[in-house]
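Fold and contact review
Read off the chains here:
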Amino acid sequence: MIRSSFNDGWQTRPKVNPFAELSGTKVPFRPVTLPHDAMIERERSAPGGEVTMEGGAGAYFPGGTYEYRKTFFVPEEQRGKRILFEFEGIYRDAVVFVNGDYAGQRPYGYSHFHIDADRFLRFGEDGENEIRVEARTHRDSRWYSGAGIYRDTWMLVGEVVRIAPDGVRVTTPDIDGERAVVEIATRVENDSIAIRTVDVVTEIHDSGGSVVASDLSKVTVLPGQPATVRQRLYVRAPLPWSPASPTLYTATVALKDLDSETVTFGIRSLSLDPEHGLRINGETVKLRGACVHHDNGVLGAATFARAEERRVHLLKDAGFNALRMSHHPMSKAMLDACDRLGMLVVDESFDVWTSGKSEFDYSLHFPEWWERDIEAMVAKDVNHPSVIMYSIGNEIPETGTPAGAVRGRELAEKVRSLDPTRYVTNAVNGMLAVLSELGKLRQSQAKAAEAGEDEGEGEDKGINTLMADAGDMMNAISASGLVTEKTTESFAVLDVAGMNYAEARYALDRDLFPNRIILGTETFPTRIDGNWRLVEQHGHVIGDFTWTGWDYLGEVGIGRPQYLTPGAGRPSHTAPYPYLVAGCGDLDITGHRRPASYYREIVFGLRTQPYIAVRRPEHHGRSWAGTPWAWSDTVATWTWPGFEGEPVTIEVYGDADEVELLANGDSLGRRPVGEDQRFRTEFDTSYEPGELLAIAYRDGSETGRHTLRTATGPVGLRAEADRPVVAADGGDLAYVSLTLTDPDGTLHTGADRPVRLEVSGAGVLLGFGSADPVSEERFDATERRTYEGRALAVLRPTGPGKIRLLASAPECDPVEVLVTVE
């Protein structure tokens, strides 16, 4: 089918009750270009206001119902053809109307779906049509979800005999050095009233566009009965796809004189066993994984191809080789980027089954819709070589019950029936799987304590004490005999046992379940050194996925720095308004790497240079009370105006025997560092402006150094685009970094100020913000305050030409950036 972008020419507004409109309430539509996040434009406020809020889970944005509409024409020559609309994602509970008639719906906010529209359309002179979409969100997510038509839309036009949407599937079941067998299955549909026999011509092209294999076949298709054409082609001297060498091929399938479809694929093999773990093309690969949510920071949930590609690129540069999309199917744009850049993917289906986690979440629709949503996920993923595994859920409470194990088996077998070439996992949290049993245990302990009786010996003693530390608590419970018993069947239905915060089971299960293969599907960032040691030690443990690789909106403050206050007890996991982000990402919401990211890179063995991170001196001497998701309260800067002469603690990370720290040329000593010291050490000194230099040594020889310098002199504003030329279409964007520096280019982290933007020419300002975790500023404003010397602007092209961005800030000369749009 001919696929055309359907993103332009839309209008949107908050949905109005039609009876309210009759009584005079008018809410005008305004123009928008998709993708569009309706929630990010709303005003945030503290709970308890007049507007019903999503709370800290949704970053204190309001829920709501949103309406989109678009007018379009269909020419007379398209009468009699099949016309579909494809929506890659609408959050949430979408209902679609064409010319006022109900045309379809999709409750799940992360599935792509098609609307069969031709029966509702008008053609020719009377061919003006209107499509209208409603979306609603309200207390239905544990993180910032966004709202509206936040992914791409497409119009598909085809003949009555055609290749079905998502109808070409490519597998590579047999590969050696001489040739690869490429099996292509094509689903052909016939909506005519006649039996049709058509030629099917298939060509495989390499990355340079040369034809490397071809085949001609015939297929006879009965009316109303789709037929599957299977062709077996052979690629000589294949170039395999891998994270290190992501070589791609394309397959073009043509129904002669009727239709054609081109898909991208890679040639690669997967194998799995407890000794060698995961092997790709015969080589063992340990997954250096990052969990990520779907929002794009200053853009909210709006999914642009360039935004997704940039995220994948920056995460790979930070040392990750795998992403787990949490906790829903990944966008097509991000999958494409993972294919091109060599990033492995664990694609996840659901955060809930039948046991809800929010008042109005997908659990209300799961029983009726889960099969269709699994089908949509697999259809989206099946040709992507980056996808190695499907996850059928995340922290599903039902996994600790027999009925939950039955449901898990249904889901796993459904996935296997659609795609037997990849593995199935489920991200099980052992504590949540036995939560009801723990409640009974705590009640019995409380009764025993009231009666003055001993609570008993053994693994379950001290549950109340464990509650003081979430990490130790989850680990201890997950390694208990109770969890072993309750989750045995739920793990048995999987190819890979996904475990959240349960590294205590890794060595244990090697003996208890010698055929079990484990993936750390979610782990604390503060424990990566120990977790990675376990991954390297055990063949049956194939990787670790940190929570999270990229910071995200919502679930506010779970990774924020916290300190004990005398008499106040331990702080809460959820931060109060106006906190905005989770605060637990290796990279912040603008894509800037935080100290934890460099520490992880060292632990992975990918960085030989040490790294310096300085604790904020204003909190020196206070007792730390952060959660296990919270990294130390450090910044990679030696610019602390107002703290001259004050005590400060400096963290140095390194994989070496020892590291020496020098302040303004004076040695502060040498300290052991490396694996036995958890790859880190600390120095205490007084802050004096100048230079910090860390030098790492192994066997007496220098292995690397890292320097921090104080920003001095007048503060200047700098602006730099990520690329000088961008495309006018295809979801491309220009990212402009705005920084405050001294004349030598050293970042000034202590001179934050508002920056104002003016954008003109062939583009518009799409989003503008910083990584400030506590801000009431809007992302659609033209003025934002920097955070630690940084801000980020995102520009969307509107056509060929040049985009001009002019930035100004108090006491700084204005700066200009020009981006060419082609």
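Conventions and cut-offs
- Residues numbered from 1 in each chain as written.
- Predicted model: local features only at pLDDT ≥ 70, side-chain atom pairs only at ≥ 80, totals over all residues.
- Heavy atoms only, no water.
- Helix = DSSP H or I, 4+ residues; strand = E, 2+ residues; numbered from the N terminus.
- Rg over C-alpha atoms; globule rule 2.2 N^0.38 Å.
- Buried < 20%, exposed > 50% of the residue type's maximum accessible area, 1.4 Å probe, protein only.
- Contact = heavy atoms within 4.5 Å.
- Areas by Shrake-Rupley, 256 points an atom, 1.4 Å probe, with all protein chains shown as cover.
- Salt bridge = Lys/Arg side-chain N within 4 Å of Asp/Glu carboxyl O.
- Disulfide = S-S within 2.5 Å.
- Phe/Tyr/Trp six-rings, centres within 6.5 Å; stacked < 30°, edge-to-face > 60°.
- Lys NZ or Arg CZ within 6 Å of the ring centre and 35° of its normal.
- 1 Å grid on protein atoms, 1.4 Å probe; cavity = no way out; pocket = protein on both sides within 12 Å on 5 of 7 lines; lining within 4 Å.
- Points joined across faces, edges and corners; volume = space filled by probe spheres on them.
- Pairing = 2+ DSSP bridges.
- Axes fitted to C-alpha atoms, helices over the stretch in contact; angles between N-to-C directions.
- Nonpolar A, V, L, I, M, F, W, Y, C, P; charged D, E, K, R; others polar.

1. Some words on the overall build of the protein chain
A tally of regular secondary structure across the protein chain gives 13 helices and 45 strands. Taking 2.2 N^0.38 as the reference for a compact globule, 822 residues should give roughly 28 Å; the C-alpha atoms of the protein chain span a radius of gyration of 28 Å, in line with that estimate. Taking the principal axes of its C-alpha atoms as reference, the protein chain extends roughly 85 × 65 × 65 Å. Split into buried and exposed, the 822 residues of the protein chain put 56% on the buried side. Contacts spanning at least 24 positions in sequence make up 70% of the contacts within the protein chain whose residues lie at least 6 apart. Of the roughly 32200 Å² of accessible surface on the protein chain, a fraction of 48% belongs to carbon and sulfur atoms.

2. So, the pattern of salt bridges
For the structure shown, the criterion picks out 69 salt bridges. Among the salt bridges present, the one from E67 reaches R13, with a minimum N-O distance of 3.1 Å. Of this pair, E67 sits in strand 4 (residues 64-73) while R13 is found in strand 2 (residues 10-14), placing the two residues 54 residues apart along the sequence. Note that D780 and R778 form a salt bridge whose closest N and O atoms lie 2.8 Å from each other. Taken together, the shared-partner salt bridges in this structure form one network comprising R82, D116, D118, R162, R187, E189 and D191.

3. Some thoughts on the state of the cysteines
What the rule picks out here adds up to zero disulfides. The structure places no disulfide on C338, whose sulfur is separated from the nearest cysteine sulfur, that of C291, by 14 Å.

4. Digging into the packing of aromatic side chains
Two numbers describe a pair of aromatic rings. These are the distance of the centres and the angle of the planes. Counted according to the given criterion, the structure contains 32 aromatic pairs. When the ring of Y362 is compared with that of F366, the centres are 6.2 Å apart and the planes differ by 90 degrees; the resulting orientation is edge-to-face. With respect to burial, Y362 and F366 carry one shared label: buried. Ring-pair connections join several aromatic residues into one group, and the members of that group are Y91, Y108, Y110, Y150, F350, W353, Y362, F366 and W370. One Lys or Arg, R69, reaches over the ring of F29 and ends 3.7 Å from the middle of that ring.

5. A look at the layout of surface pockets
Roughly 1200 Å³ of internal volume is contained in the second largest pocket. Looking at the second largest pocket, it is lined by 45 residues, and the ones nearest its centre are R3, E88, D152, W154 and D336. Sorting the residues of the lining of the second largest pocket by element identifies strand 1 (2-5), strand 10 (153-158), strand 11 (161-175), strand 17 (259-265), helix 3 (332-341), helix 4 (366-381) and strand 43 (790-797) as the ones contributing at least two each. If one sorts the elements of the lining of the second largest pocket by residue count, strand 11 sits on top with six residues.

6. Re the sheet that holds strand 24 (residues 387-394)
Pairing is parallel around the closed barrel formed by eight strands, whose spatial order is 21-22-23-24-25-26-27-28. Recorded for the sheet is a direction-independent mean angle of 25 degrees between the axes of neighbouring strands. Strand direction decides the pairing type here: strand 21 (residues 287-292) and strand 22 (residues 322-325), joined by four bridges, are parallel. Counted as the bridge partner of A290 is L323 from strand 22. Sitting on the sheet, helix 5 (residues 402-418) is in contact with strand 24 and strand 25 (423-428), with an inclination near 155 degrees to strand 24.

7. Re the environment of M474
Mapping M474 onto the fold places it in helix 9 (residues 470-478). Separated by 26 residues in sequence, M474 and N500 place their C-alpha atoms 8.7 Å apart. Setting aside chain neighbours within four positions, we find M474 in contact with N429, M431, Y501, F524 and W629.

8. Quick look at empty space enclosed by the protein
Per the stated rule, a full pass over the model turns up seven cavities of 30 Å³ or more. Of the pockets and cavities examined, the largest cavity occupies roughly 160 Å³. Among the residues making up the lining of the largest cavity, the classes are represented as seven nonpolar, four polar and six charged. The wall of the second largest cavity is formed by N296, G297, V298, A307, R310, R311, W550, I589, Y735 and L792. With three residues, the top contributor of residues to the lining of the second largest cavity is helix 2 (residues 305-317).

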